[in-house]
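# Observations on the model geometry
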Amino acid sequence: MADWNAALTDWLKPFVEKLGHKKRRQMCPLYVAGLIGPGERKSIEPMAARMAPDRYDRLHHFISDGLWDSAPLEAELAKQADRLIGASDAFLVIDDTSLPKKGEHSVGVAPQYASMLGKRANCQTPGFPDAGASRSSDRRRLAAVPAGELDE
């Protein structure tokens with residue numbers, strides 16, 4: 001687990017530096033580790049119990065309070081995506097494939113445009129980033145930006 005946590009800390013470092021506030025910089029790695037780490041429940045209380053039992057209030061505050069300027073994080077994301085894609089003919093593709101859902105037990109389900117169904121329906125619509133050459137993906141492209149233009 002220590003190697004995984006160290007790798008996550010290294011990967012998050014350029015993003016955490018953009019958060020500004022000291023408490024945000026402390027809580028961000030814990031929150032992300034809670035989301036992608038072990039454990040089935042991904043709400044604040046169970047994540048805090050697993051990751052930082054003595055810091056529930058701080059973790060809750062990290063998510064629920066304050067307005068953030070997302071521009072520095074978005075600029076860093078574009079910079080990191082450009083670094084990872086690397087090829088001059090590469091594109092960053094955001095795929096909005098919707099996942100039709102029935103019932104009331106899935107988080108984030110709402111009536112919205114479901115691309116798989118071609119109409120409004122109850123679904124979840126996650127964004128899937130993908131990197132590839134100019135003709136590598138036959139999925140719907142919401143945003144296809146040449147890699148060299150990401151940091152402009």
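Details of the structure are given in the entry above.
Residues numbered from 1 in each chain as written. Predicted model: local features only at pLDDT ≥ 70, side-chain atom pairs only at ≥ 80, totals over all residues. Heavy atoms only, no water.

## Re helix α3 (residues 44-51)
Along α3, the residues that are buried comprise Ile 44, Pro 46, Met 47 and Ala 48. Turning to α3, the residues buried within the fold contact α2 (22-36) and α4 (56-64). (Buried < 20%, exposed > 50% of the residue type's maximum accessible area, 1.4 Å probe, protein only. Helix = DSSP H or I, 4+ residues; strand = E, 2+ residues; numbered from the N terminus. Contact = heavy atoms within 4.5 Å.)

## Quick look at the pairing of strand β3 (residues 110-114)
For β3 and strand β4 (residues 119-124), the ladder comprises 5 bridges, and the chain directions are antiparallel. Its bridge partner lying in β4, Pro 111 is registered against Asn 122. Where β3 folds back onto β4 in an antiparallel hairpin, the turn is made up of 4 residues, including Gly 118, whose phi is positive at roughly 75°. (Pairing = 2+ DSSP bridges.)

## Thoughts on the sheet that holds β3
Spatially, the 3 strands line up as an open sheet ordered β2-β4-β3, and their pairing is antiparallel. The open sheet has two edge strands with one neighbour each: β2 (99-100) and β3. Sheet topology places β2 next to β4; 2 bridges connect them, and they run antiparallel. Following the sheet pairing, Pro 100 is matched in β4 by Cys 123.

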